[in-house]
Amino acid sequence: MATATRTVETLTKTSPPTRKPLTVSKKRQYRAAYLFVLPFFIIFLAMVIVPLGYAGYQSFFTQQLVGGVSFSGFANYTRAVTDPAFLYGLGRVGLFLIVQVPIMLALSLFFALALDSGMVRLAKVVRLGIYIPYAVPAVVAALMWGYLYGPDFGPFAQLSDYLGAAKIPFLEPGYVLFSIINIVNWEFIGYNMIIIYAALRSIPTDLYEAARVDGASEPRIAWSIKIPAVRPALILTVIFSVIGSFQLFNEPQLLRIMAPNAINSSYTPNLYAYTLAFVNQDSNYAAAIAFLLGIVIMVLSYAVQLSTQRKENAS
Amino acid sequence: MSDTPFTRRRFLGTALGASGGLALAACGGGGGASTPAPAAAQKVTQAQIDEAMNKDTELTLWSWVPDLQNEVDLFEKKYPKVKVKLVNVGAGAVEYQKLRAAIKSGQGAPDVVQIEYQYIPSFTLTKDLLDISPYATPEVKSQYPDWVWSQVTNGEALYGVPQDTGPMGLLYRDDLLKAAGVEVPKTWPDFATAAEKYHAANPKSYLANLAPNDPGHFVSYLWQIGARPFSYDGTKTVKVDLASEDAKKVAQFWSDLVAKGVVSVDADFNTAWYQGFSNGKYGAWPAAAWGPVFLQGSAKSTSGKWRATDLPQWDASKPASGNWGGSTDAVLKISKNPIPAAQLALFINTDQESALKLATEQFLFPPSTNVLKDPKFADQASPFYGGQKVNAKFAEIGATVTPDFAWLPFMDFVYSNFNDTLGKAIADKTDLVAGLQKWQDGVAGYAKAQGFTLA
């Protein structure tokens with residue numbers, strides 16, 4: 001940005017002080033700018049907009065194995081809003097969101113503040129250690145945790161056996177959602193920590209000095225200066241988490257191998273859409289489900305943004 | 001991908017083949033593979049075949065059989081002008097998804113493709129498989145038992161060359177059963193008594209496991225008792241009869257054992273289950289003919305302690321068995337080289353050298369009697385099974401599999417729905433007969449929604 005501005009100035013200086021040449025150079029600049037974003041837009045168009053439009057189009061048809069394709073208007077959508085499998089899935093990821101996101105963000109914030117305080121020894125090692133799970137592909141993470149949760153031979157089960165304690169049924173129907181929450185926390189705490197930590201590093205340190213001069217304690221500085229200062233970063237992580245929660249797919253899909261009956265084929269809306277498209281061969285209905293899910297995510301993300309903006313305006 | 005584990009699929013292979021051409025009369029009765037029986041496909045002359053096989057041709061073959069290249073090499077040696085590109089795009093459901101996508105897009109589909117028996121109808125429904133009966137000589141049919149042939153034919157049309165099968169027997173731990181003072185059960189009532197006695201004597205172990213995620217395994221029990229839960233006329237009519245009296249009898253039998261806690265209900269084909277074999281959690285495994293080699297690989301430490309015998313019987317005077325798994329090589333209609341493609345599918349599975357290789361090197365259980373009888377296969381004694389001739393035992397069982405077991409053209413859904421209905425009842429240890437009814441309702445509902453007529 002800075003370079004661009006300087007170039008404009010230079011050009012302005014060298015060219016006659018009339019308006020016309022300036023406009024030409026600006027035009028050129030705009031053209032260059034569009035040229036630079038063009039590759040993105042081509043891919044965005046081909047890989048997002050076109051498939052999205054196609055899926056939307058598909059969702060207005062019904063295809064039967066016998067009888068072929070027919071236009072069905074909003075039939076797939078009315079079916080979806082009354083489909084218990086879809087609604088239960090939505091409810092489940094809603095519960096997941098309410099339980100998982102606060103735990104994850106609280107821990108991320110805590111770790112970020114701890115690292116930022118400069119009171120942690122080997123801070124770089126610790127930071128990397130917390131971040132590493134995010135570098136593990138979700139598929140590998142789910143398989144690994146699946147092994148750890150194993151009811152017969154998993155380390156936790158063996159420890160319980162050794163201690164003579166009751167085993168925790170990680171993969172039983174009532175527990176498996178919390179087992180998934182644990183996996184997702186493990187994966188994403190480090191990621192969110194890094195975002196918050198980066199925001200913390202950008203706070204001017206003279207604010208802290210001023211606070212210390214005024215006699216504020218470290219916790220007080222964290223509470224009154226640091227946390228308010230990283231609000232935008234926190235909001236960003238909340239929005240990412242809302243989107244991530246509703247798109248939950250990898251972890252349940254892979255844990256199904258271990259717990260095929262605790263996690264059914266419509267456990268999360270995404271898993272349901274996948275089953276519909278690839279097992280039931282009902283890709284039209286799957287498209288409608290995916291669209292509805294997209295709308296739910298958009299509305300919720302927008303609501304989060306709006307509510308935080310209002311607070312900001314109020315303060 | 002979702003329900004059937006990769007590891008098992010690797011073992012469900014292929015098996016048989018010859019060459020030549022003549023439309024064959026198939027055994028009657030709604031066969032497994034179905035499509036409106038077309039007007040008898042036109043016979044192909046030997047001259048036409050010779051001409052096609054001597055032209056430069058490139059074929060693509062999709063299969064997940066390990067080391068199938070060995071058999072492909074034999075084919076290329078015999079027909080040097082035909083080049084075969086062997087691709088493994090994934091096993092089972094993964095492959096079918098890619099296949100459907102390729103067929104729909106009209107690009108990248110193979111000429112020959114491995115398909116499991118129960119999925120043939122879902123591809124004949126969409127008219128994607130080529131009737132290869134014009135290319136199969138009478139010797140092809142004559143080497144297969146009726147029940148196998150009925151899996152790949154509909155009327156006169158032949159939709160796949162059988163590659164391997166999985167007749168059901170019982171593998172058991174000789175040492176553990178003896179230690180518990182339990183005799184090898186010959187009938188299912190014996191089995192129930194034995195299961196109780198065994199678990200009482202060895203509380204950490206179970207005589208059997210009923211997997212809540214394995215519809216194929218459960219269906220093999222239905223097959224054995226004589227239930228015929230599915231059929232498809234090739235056009236619009238299907239039969240869904242999962243809650244028949246026979247099927248209920250099977251469900252009730254296992255329901256009692258599950259309720260008593262004398263059989264385990266672990267998901268199968270995952271790490272915990274494999275480990276269960278190594279450390280004696282399971283005293284026996286009602287398994288298909290591909291099971292013995294599979295077990296050998298996953299429970300090495302128990303070598304010498306296992307034996308193979310017949311599946312327990314409902315009526316000991318009429319020995320019967322079911323089938324679990326196995327697959328075929330089919331030719332796609334969109335293949336531009338139908339003659340060489342059909343020859344490839346036939347050669348791999350019916351050329352004696354190739355079929356024997358599949359059976360003795362890749363350990364696919366052969367459906368062809370030519371291979372089953374071959375001393376190189378039948379006389380193999382297995383140290384893992386205390387020197388027992390396990391192949392011969394399963395060959396004997398294979399002859400008792402009952403014929404005319406048919407499938408629906410949407411087994412993906414049927415199997416996936418099992419996990420949410422009957423499988424759930426197994427995992428939750430609730431009434432299996434009620435679970436069976438839910439499965440019936442789920443499948444019948446889907447059939448109706450997809451526009452089928454229920455017979």
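The rules behind each value
- Residues numbered from 1 in each chain as written.
- Chains lettered and ligands numbered in written order.
- Predicted model: local features only at pLDDT ≥ 70, side-chain atom pairs only at ≥ 80, totals over all residues.
- Heavy atoms only, no water.
- Helix = DSSP H or I, 4+ residues; strand = E, 2+ residues; numbered from the N terminus.
- Rg over C-alpha atoms; globule rule 2.2 N^0.38 Å.
- Buried < 20%, exposed > 50% of the residue type's maximum accessible area, 1.4 Å probe, protein only.
- Contact = heavy atoms within 4.5 Å.
- Areas by Shrake-Rupley, 256 points an atom, 1.4 Å probe, with all protein chains shown as cover.
- Lys, Arg positive; Asp, Glu negative; His and termini not counted.
- Charge placed at Lys NZ, Arg CZ, Asp CG, Glu CD.
- Domains from an automatic or database assignment.
- Buried area = accessible area lost by both parts, 1.4 Å probe.
- Salt bridge = Lys/Arg side-chain N within 4 Å of Asp/Glu carboxyl O.
- Polar contact = N/O pair within 3.5 Å; in protein donor to acceptor, adjacent residues only side chain to side chain.
- Nonpolar A, V, L, I, M, F, W, Y, C, P; charged D, E, K, R; others polar.
- Core = buried A, V, L, I, M, F, W, Y, C linked by side-chain atoms within 4.5 Å.
- Pairing = 2+ DSSP bridges.
- Axes fitted to C-alpha atoms, helices over the stretch in contact; angles between N-to-C directions.
- Parallel < 35°, antiparallel > 145°, perpendicular 65-115°, else oblique.
- Expected span 1.5 Å × (residues − 1).
- Phe/Tyr/Trp six-rings, centres within 6.5 Å; stacked < 30°, edge-to-face > 60°.
- Lys NZ or Arg CZ within 6 Å of the ring centre and 35° of its normal.
- Left-handed = near helix turned anticlockwise from the far one by under 90°.
- pLDDT = per-residue confidence, 0-100.

A. Representation of the overall build of chain B in the model. The helix and strand tally for chain B stands at 21 helices and 13 strands. At 21 Å, chain B has a C-alpha radius of gyration in line with the 23 Å of a compact globule built from 455 residues. Expressed as lengths along the three principal axes of its C-alpha atoms, the size of chain B is roughly 70 × 50 × 40 Å. Burial status across chain B gives 63% buried among its 455 residues. Contacts in chain B between residues far apart in sequence, at least 24 positions, make up 80% of those at least 6 positions apart. Only carbon and sulfur atoms are counted for the fraction: they give 53% of the accessible area of chain B, which is about 15800 Å². In chain B, the 42 positive side-chain charges and the 46 negative ones have mean positions that sit 2 Å from each other.

B. View of the domain arrangement of chain B. Entries for chain B in the domain assignment read domain 1 (6-165 + 326-378) and domain 2 (168-322 + 402-454). The distance between the C-alpha centroids of domain 1 of chain B and domain 2 of chain B comes to 29 Å.

C. Representation of the interface of chain A and chain B. Listed by partner, the interface residues are 22 residues for chain A and 33 residues for chain B. The junction of chain A with chain B conceals about 2400 Å² of combined surface from both sides, 51% of it contributed by carbon and sulfur atoms. On inspection of chain A and its partner chain B, the count reaches zero salt bridges. At the surface where chain A touches chain B, the tally comes to nine residue pairs in polar contact (both at pLDDT 80 or more). When residues of the side of chain A that touches chain B are traced back to their parent elements, those giving at least two are strand S1 (61-64) and helix H13 (269-278) of chain A. Among the elements that make up the side of chain A that touches chain B, the one with the highest residue count is H13 of chain A (three residues). Of the residues assigned to the side of chain A that touches chain B, the class counts are ten nonpolar, nine polar and three charged.

D. Structural detail: the nonpolar core. Residue and element names in this part refer to chain B. Counting 151 residues, the largest nonpolar core has Ile115, Phe218, Trp254, Trp285, Phe410 and Trp439 as its most contacted members. The element best represented in this core is helix H14 (residues 338-350), accounting for eight residues. Contact partners of Phe218, with chain neighbours within four places excluded, come to Leu210, Val250, Ala251, Phe418, Leu422, Leu436 and Trp439.

E. Broad picture of the side chain of Asp131 of chain B. For Asp131 of chain B, the location among the structural elements is in the loop between helix H5 (120-125) and helix H6 (138-142). Within the local environment of Asp131 of chain B, its side chain forms a polar contact with the backbone nitrogen of Leu158 of chain B, the two atoms lying 2.9 Å apart.

F. A look at the environment of Ala355 of chain B. Residues and elements named next belong to chain B. Relative to the assigned elements, Ala355 resides in helix H15 (residues 352-360). The exposure class assigned to Ala355 is buried, which follows from its relative accessible area of 4%. Once the C-alpha coordinates of Ala355 and Val250 are considered, the two residues, 105 residues apart in sequence, prove to be 35 Å apart.

G. The arrangement of the domain arrangement of chain A in detail. Considered domain by domain, chain A is made up of domain 1 (2-58) and domain 2 (81-314). Put simply, the middle of domain 1 of chain A and the middle of domain 2 of chain A, counted by C-alpha atoms, are 37 Å apart.

H. Expanded view of the pattern of salt bridges. Residue and element names in this part refer to chain B. One pass over the structure, following the stated rule, counts 17 salt bridges over all chains. Its salt-bridge partner being Arg100, residue Asp412 comes within 3.5 Å of it at the nearest N-O pair. Here Asp412 is found in helix H19 (residues 411-420), whereas its partner Arg100 is found in helix H4 (residues 93-105), with 312 residues between them in sequence. Across the pair, exposure class does not vary: Asp412 and Arg100 are buried alike. Ionic pairing is found between Glu361 and Lys357, a salt bridge with its closest N-O pair at 3.5 Å. What makes Glu361 partly exposed here is its relative accessible area of 45%.

I. How the structure looks around the pairing of S1 of chain A. One ladder, built from four bridges, connects S1 of chain A with strand S2 (residues 68-71) of chain A; its direction is antiparallel. Within S2 of chain A, the residue paired with Gln64 of chain A across the bridge is Gly68 of chain A.

J. Examining the sheet that holds strand S10 (residues 284-288) of chain B more closely. All names here are of chain B. Reading across from one edge, S10-S7-S11 is the order of the three strands in this open sheet, with antiparallel pairing throughout. Of all strands in the sheet, those bounded by a partner on one side alone are S10 and strand S11 (306-310). Here the average twist between neighbouring strands, direction ignored, is 30°. Pairing of strand S7 (residues 168-173) with S10, which is carried by five bridges, proceeds in the antiparallel orientation. Across the sheet, the residue bridging to Leu171 is Trp285, located in S10.

K. Local environment of the packing of helix H9 (residues 188-201) of chain B against helix H11 (residues 245-260) of chain B. Residues and elements named next belong to chain B. Following both chains from N to C, one finds H9 and H11 inclined at 5°, their axes separated by 11 Å at the closest point. One element, H9, and the other, H11, form an angle in the roughly parallel class. Along its contact with H9, which presents Trp188, Pro189, Phe191, Ala192, Ala195 and Glu196, the element H11 presents Phe253, Trp254, Leu257 and Lys260.

L. Examining helix H4 (residues 84-116) of chain A more closely. Residue and element names in this part refer to chain A. Its 33 residues place the ends of H4 47 Å apart at the C-alpha level, agreeing with the 48 Å of an ideal helix rising 1.5 Å per residue. Sitting at the head of H4, Asp83 places a side-chain oxygen 2.9 Å from the backbone nitrogen of Ala85. Two residues or fewer after H4 comes Gly118, characterised by a positive phi angle close to 75°.

M. Summary view of the packing of aromatic side chains. In this structure the tally under the stated criterion is 68 aromatic pairs over all chains. A ring pair is formed by Phe60 of chain A and Phe74 of chain A, whose centres lie 5.2 Å apart and whose planes are at 85°; its orientation type is edge-to-face. Of this pair, Phe60 of chain A sits in the loop between helix H2 (19-58) and S1 while Phe74 of chain A sits in the loop between S2 and helix H3 (75-81); the two residues are 14 residues apart in sequence, bridging distant segments of the chain. What links up through ring pairs into an aromatic cluster is the set Phe269, Trp273, Tyr274, Phe277, Tyr282, Trp285, Trp290, Phe294, Trp306 and Trp324 of chain B. Between Arg92 of chain A and the ring centre of Tyr267 of chain A, over which it is positioned, the NZ or CZ distance is 4.4 Å.

N. Representation of the packing of H19 of chain B against helix H21 (residues 432-449) of chain B. Residue and element names in this part refer to chain B. Taken N-terminus to C-terminus, the directions of H19 and H21 make an angle of 145°; their axes are 10 Å apart at the nearest point. Our pair here, H19 against H21, has a crossing hand that is right-handed. Two secondary-structure elements touch here, H19 through Phe413, Val414, Asn417 and Phe418 and H21 through Lys438, Trp439, Gly442, Val443 and Tyr446.

O. Inspection of the confidence of the model for chain B at higher detail. Model confidence for chain B is summarised by a mean pLDDT of 89, while 91% of its residues fall at 70 or above. Across residues 1-39 of chain B the pLDDT falls below 50, and counting only partners more than four positions away or on other chains, this stretch makes 186 contacts in the model.

P. Main features of unusual backbone geometry. Residue and element names in this part refer to chain B. Positive phi, normally seen in glycine, also occurs at Asp404, with a value near 65°. On the secondary structure map, Asp404 appears in the loop between helix H18 (390-398) and H19. Positive phi, normally seen in glycine, also occurs at Lys429, with a value near 55°. Relative to the helices and strands, Lys429 resides in the loop between helix H20 (422-428) and H21. Owing to a relative accessible area of 47%, Lys429 belongs among the partly exposed residues under this scheme.

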